[in-house]
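# A structural walkthrough
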Amino acid sequence: MIDQNTVVHISFDEKKSISLGKLAIFEYTEPGSKGRIKLVFSKYQVPMDKNDIGEIVKKVKSEILISIFTDTADYAYKTILEEVKISVVEEWETLEITAVRID
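Chains are numbered independently. Their residues run from 1 in the order of the written sequence. This being a predicted model, a pLDDT of at least 70 is required before a residue's local features are given, and a value of 80 or more before pairs of side-chain atoms are given or counted; all residues contribute to the totals for chains, interfaces and linings. Each side-chain value is derived from all of the structure's non-hydrogen atoms; neither hydrogens nor water enter the calculation.

## Let's talk about the overall build of the protein
Cut-off, in case you're wondering: Starting at the N terminus, helices and strands are each numbered in turn, a helix being any DSSP run of H or I of at least four residues and a strand any DSSP run of E of at least two. A radius of gyration in this sense is built from C-alpha atoms; the matching globule rule multiplies 2.2 Å by the number of residues raised to 0.38. We call a residue buried when its accessible area falls under 20% of the maximum for its residue type, exposed when it is over 50%, and partly exposed in between, using a 1.4 Å probe and counting protein chains only. Here, residues are in contact when the closest pair of their heavy atoms is within 4.5 Å.
What the protein contains, in helices and strands, is 1 helix and 7 strands. Counted from the first residue to the last, the protein has its helices and strands arranged as β-β-β-β-α-β-β-β. Over its C-alpha trace the protein gives a radius of gyration of 13 Å, about what one expects of a compact globule, namely 13 Å for 103 residues. When its C-alpha atoms are laid out on the principal axes, the protein stretches across 40 × 30 × 30 Å. Within the span of the protein, comprising 103 residues, buried residues form 31% of the whole. Within the protein, residue pairs in contact and separated by at least 24 positions form 49% of the contacts whose partners lie at least 6 positions apart.

## Section: the nonpolar core
Keep this limit in mind: Residues belong to a common nonpolar core when they are buried Ala, Val, Leu, Ile, Met, Phe, Trp, Tyr or Cys residues joined through side-chain atoms within 4.5 Å.
In terms of nonpolar packing, the biggest core is built from 21 residues, with L20, L39, F41, I56, I66, L95 and I97 touching the most fellow members. Among the secondary structure elements, those contributing two or more residues to this core are β1 (7-11), β2 (17-22), β4 (36-44), α1 (50-58), β5 (63-69), β6 (74-89) and β7 (92-101).

This is the structure in structure tokens:
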């Protein structure tokens, strides 16, 4: 089951993988045959790695692999990265990633 203990990695190719840490929110919708995945990560008083976020932003409109690791199962989704948003409110940083499945 996907919950707040779920860990997510994003891979750009066979050489580059970024661990985004524990997931705050997971949304999966199915408009037609392909599904849209939204991942949200929040950190309090711990800054996110700006180099990693920069690497992810460079991949907008490109193919990425989203790997999700739970206590009971692992999932992998081949996707096209649609959007990356980061926001800071007081001491909370939030990263939101939206992608569309292609497999």
